[in-house]
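So you can see what is in the structure, the chains are spelled out below.
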Amino acid sequence: MEWYLPVIWAGLIGTAVMLYVVLDGFDLGIAILFPTTADESERDQMMNSVAPFWDGNETWLVLGGAGLWVAFPLAYSVIMPALYLPVTLMLLSLIFRGVAFEFRWVAKPKHRIWDLAFWLGSTTAAFSQGVILGGLIQGVKVVDNQFAGGPFDWLTPFSLMCGAGVVVGYALLGATWLVFKTEGAVADRARRQAKTLLLCLLAFAALVSLWTPYAHPRIAERWFTPSNLLLLWPFPVLTAFCGYMVWKRLHGNHEFTPFAFTIAIFLLCFLGLAISNYPYLVPPGLTIWDTAAAPSSHIFVLIGVSFLLPMILFYTAFVYWTFRGKVKADSGYH
Amino acid sequence: MEIDAFLLSRIQFAFTISFHIVFPAFTIGLSAYIATLLGLWLKTGDQKFHLLARFWTKIFAVSFAMGVVSGIVLSYQFGTNWSRFSAVTGNVLGPLIGYEVLSAFFLEASFLGVLLFGWKRVPPWLHFLSAVIVAGGTALSGFWILSANSWMQYPVGHEVRDGIAYPVDWMKIVFSPTFPLRYAHMMTAAYLTTAFVVLATGARHLLAGHRTESARTMVRMAILMIALTAPLQAVIGDFHGKQTAIYQPAKLAAIEAHWDSSKPGALVLFAWPDEKAELNRFEIAIPGVASLLTHGSMDALFKSLKDFPREDRPPVLIPFFGFRLMVGLGTLMILFGWIGAWLWWRGRIFESQRWLWIAQYTWPAGFVAILAGWFVTEVGRQPWVATGILRSKDAVSPITTAEVAISLALFVFVYCVVFTAGILLINRLIAKGPDEISHEDPPEQPSKRPLKAAQAPASAIFGDGHPGDDKIQPAS
């Protein structure tokens, strides 16, 4: 009982974070690509392709945060102060990104400032998320179950590189989403951009895969112990294969598959990071069992999760299905 | 007072939550109003309701976006600035917030997309259902938040081991004693707040002399809501006050600036409470009335501030003045709503320029009252963050003063820019008003209208006396 509850919850939060990264990833990515066109109707089209979904997408971030508090209150209380500045920066950026969706329409024709807010907010949010990820992977100083480091502990070349990597990754998700959901000039340009972005993302993935085992012996041990190596070799191979598939499918007339394979790359990278760090939730000291909430709290919410989560997935699918098909230039409600 | 991470974190939390609370309060009421309008449209086929629903949906979208982004900030601040609070109460409060996200947050966020963009994508009944779901989601969100807040005010159903709270009885935790009235008080406040915004908008258009049809409907619907809800709110508030005497006597003593428990409580109309000298200066008070209101007898004694050690007393000034502001506004709301209802009954509502002129400026009433009430209840809980379990000063994160100073400055800057822009944009939408009723370009019809006969009563209440005037006949 006491053993498996934290494992279930780690899986759940991992799923929530993964869903967040994929879902909000593509709508942040679209904003990151915003400056690559100055054409009004093209920007409208890009924004409209995500407008009905962004709010639901972002809710997974709230679930990730709240879920961490529900299931691992101690981890939450250590991670948040440790990453105080990047978390704050992320929240402030998301404010600009979120309000831009509505403000931009109402402000027309004087909406350039909200175009800028949309792009800058999304790019900074993506970058901060990467920095948060990097800051967590590289480890947090903990004494007596409290964060005991300084305000800039997170600021390292590694975390900055993770930030850049996430920006590129989200941009790729955004580009392949546009290939899927739009047509004409927007889709054509996205197809071209996706290729460059794909190469950059794969380079970042390779860099992280080499950097983390080099810097952290525990991660090197996890991956390169012969018995584990036998089990884990498919990860890099599959990632390379998915990268190849994205590249190939971008050349044909395929619309959905480049997006699907990009998601697969994200999934593999995420699993790779989870394998590197399991069972630590706050590396290098606190495991999921060290930080778990009381079993009664775990069970109480798990009951709700077991029937609410399927419902959420069902109506999320319903919303995506409702707004299926290509986005035309004039399909806003405004 | 020393400027440290604790003080700055308190300022930051107060600042961000004060901004935030305005939007959920407005959107809880507005989503219910939009659902009502769409329901009336489905039932009557009257295009006026459809245009009004579209109009308010645009305003709803802008407000909701601001509510969402400022709410996400709050959910993370528990961790960034109040990590000890998160660690100590996480076993109890984490699940409540978790349930909010799972049961309400996703519901609102997902169906918001259908509500905003589904006008032509889904059949009218499903669009209406989405509006109902969004309204239900916002109300459910309030349920969990108020549940969590009520537990912090008066914790039950838990036990403390090694300084950490552990849940014992979930039913007791979710439905802690002060929760039902607190929730009712908040929900009524939300509906009332929205009603005043709708009223002011209608009045503004009537005075400007345009779009009288939809403007009249707005004014009528708002008066109906205010005249019924404002007195109800006073009753709920009164019960809530009596309950505070039982569960949070220190808070009540601060609200009443009641220093001496050997005397019955006087109803202090105005005073300047002096916390150092433990007395009120320039007091204007009616003896015994506070005792009468709380305990039903002029001679009843109740706990005073001096019954609590100084370190356990809440600050007095904010609860004292906040409460008076809230009650004063509430009284004005009742008065204004009833005068409006009386004018309506006499058939003079749209001729009374004076009443309409005041009405257009009443839109902030609900917001100010909510903020005042929220200040009363939150400051009145001090010095505890979770009463009896954790003091606010022990709840703060191990972060530096500089970090909080930077974040606070950024929050103030960003909120001022973003929310000023938002309010200006909302004002722009309001000034523009709903689209004119057009007979050439009717919206899609409600596909199946079950009760044609039901048109009459709805028009009699909300129409302008010429039922059938602007009805659009079903396409099929």
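Reading the values: the criteria
- Residues numbered from 1 in each chain as written.
- Chains lettered and ligands numbered in written order.
- Predicted model: local features only at pLDDT ≥ 70, side-chain atom pairs only at ≥ 80, totals over all residues.
- Heavy atoms only, no water.
- Helix = DSSP H or I, 4+ residues; strand = E, 2+ residues; numbered from the N terminus.
- Rg over C-alpha atoms; globule rule 2.2 N^0.38 Å.
- Contact = heavy atoms within 4.5 Å.
- Areas by Shrake-Rupley, 256 points an atom, 1.4 Å probe, with all protein chains shown as cover.
- Lys, Arg positive; Asp, Glu negative; His and termini not counted.
- Charge placed at Lys NZ, Arg CZ, Asp CG, Glu CD.
- Pairing = 2+ DSSP bridges.
- Buried area = accessible area lost by both parts, 1.4 Å probe.
- Salt bridge = Lys/Arg side-chain N within 4 Å of Asp/Glu carboxyl O.
- Polar contact = N/O pair within 3.5 Å; in protein donor to acceptor, adjacent residues only side chain to side chain.
- Nonpolar A, V, L, I, M, F, W, Y, C, P; charged D, E, K, R; others polar.
- Axes fitted to C-alpha atoms, helices over the stretch in contact; angles between N-to-C directions.
- Parallel < 35°, antiparallel > 145°, perpendicular 65-115°, else oblique.
- Left-handed = near helix turned anticlockwise from the far one by under 90°.

Enquirer: Can you explain the overall build of chain B? Please cite residues and give values.
Expert: Helix and strand counts for chain B stand at 14 helices and six strands. At 24 Å, chain B has a C-alpha radius of gyration in line with the 23 Å of a compact globule built from 476 residues. By principal-axis analysis of the C-alpha atoms, chain B measures approximately 70 × 45 × 40 Å. Considering only intrachain contacts with a sequence separation of at least 6, the fraction spanning at least 24 residues in chain B is 78%. Approximately 19100 Å² of chain B is accessible, and the part contributed by carbon and sulfur atoms is 67%. Across chain B, the 37 positively charged side chains and the 32 negatively charged ones have centroids separated by 5 Å.

Enquirer: Explain the pairing of strand S3 (residues 267-274) of chain B residue by residue, including any values.
Expert: All names here are of chain B. Across six bridges, the pairing between S3 and strand S4 (residues 279-286) is antiparallel. Counted as the bridge partner of Asp 274 is Leu 279 from S4. Linkage of S3 to S4, two consecutive antiparallel strands, is achieved through a turn of four residues, within which Glu 278 is found at a positive phi near 55°.

Enquirer: Could you give an account of the interface of chain A and chain B, with specific residues and numbers?
Expert: Interface size is often expressed as the accessible area that is lost when the parts come together. Facing the 61 residues of chain A at the interface are 72 residues of chain B. Taking both partners together, chain A and chain B bury about 6300 Å²; carbon and sulfur atoms supply 78% of that area. Linking chain A to chain B there are zero salt bridges. At the surface where chain A touches chain B, the tally comes to 16 residue pairs in polar contact (both at pLDDT 80 or more). Sorting the residues of the side of chain A that touches chain B by element identifies helix H3 (54-71), helix H4 (73-82), helix H5 (84-107), strand S2 (146-147) and helix H14 (295-322) of chain A as the ones contributing at least two each. For the side of chain A that touches chain B, the element with the most residues is H5(A), which contributes 15 residues. For the side of chain A that touches chain B, the per-class residue count stands at 42 nonpolar, 14 polar and five charged.

Enquirer: Summarise the environment of B:Ala227; cite the residues concerned and give the values.
Expert: Residues and elements named next belong to chain B. Relative to the helices and strands, Ala 227 resides in helix H7 (residues 212-247). In the structure, Ala 227 is positioned 63 residues away from Ile 164 in sequence and 47 Å away in space, judged by C-alpha atoms. Residues within four places of Ala 227 in sequence aside, it is in contact with Gly 337, Trp 338 and Ala 341.

Enquirer: I'd like a description of the pattern of salt bridges, backed by residues and values.
Expert: Residues and elements named next belong to chain A. Enumeration over the complete set of coordinates arrives at 18 salt bridges over all chains. One salt bridge in this structure joins Glu 40 and Arg 112, with 3.7 Å as the shortest N-O distance. A residue pair is termed long-range when its members are at least 10 positions apart, and Glu 40 in helix H2 (residues 40-48) and Arg 112 in helix H6 (residues 112-137) qualify at 72 residues. Linked by salt bridges that have partners in common, Glu 40, Arg 43, Asp 44, Arg 104, Arg 112 and Asp 115 make up one network.

Enquirer: Can you lay out the packing of helix H4 (residues 124-153) of chain B against helix H12 (residues 364-381) of chain B for me, pointing to particular residues and giving the numbers?
Expert: Residue and element names in this part refer to chain B. At a minimum axis distance of 10 Å, the contact between H4 and H12 shows a crossing angle of 40°. Judged on the interaxial angle alone, H12 and H4 are oblique. Considering only the axes of H4 and H12, their crossing is left-handed. Contacts between H4 and H12 involve Asn 149, Met 152 and Gln 153 from the first element and Trp 374, Thr 377, Glu 378 and Arg 381 from the second. Here the residues of the contact of H4 with H12 sort into two nonpolar, three polar and two charged.

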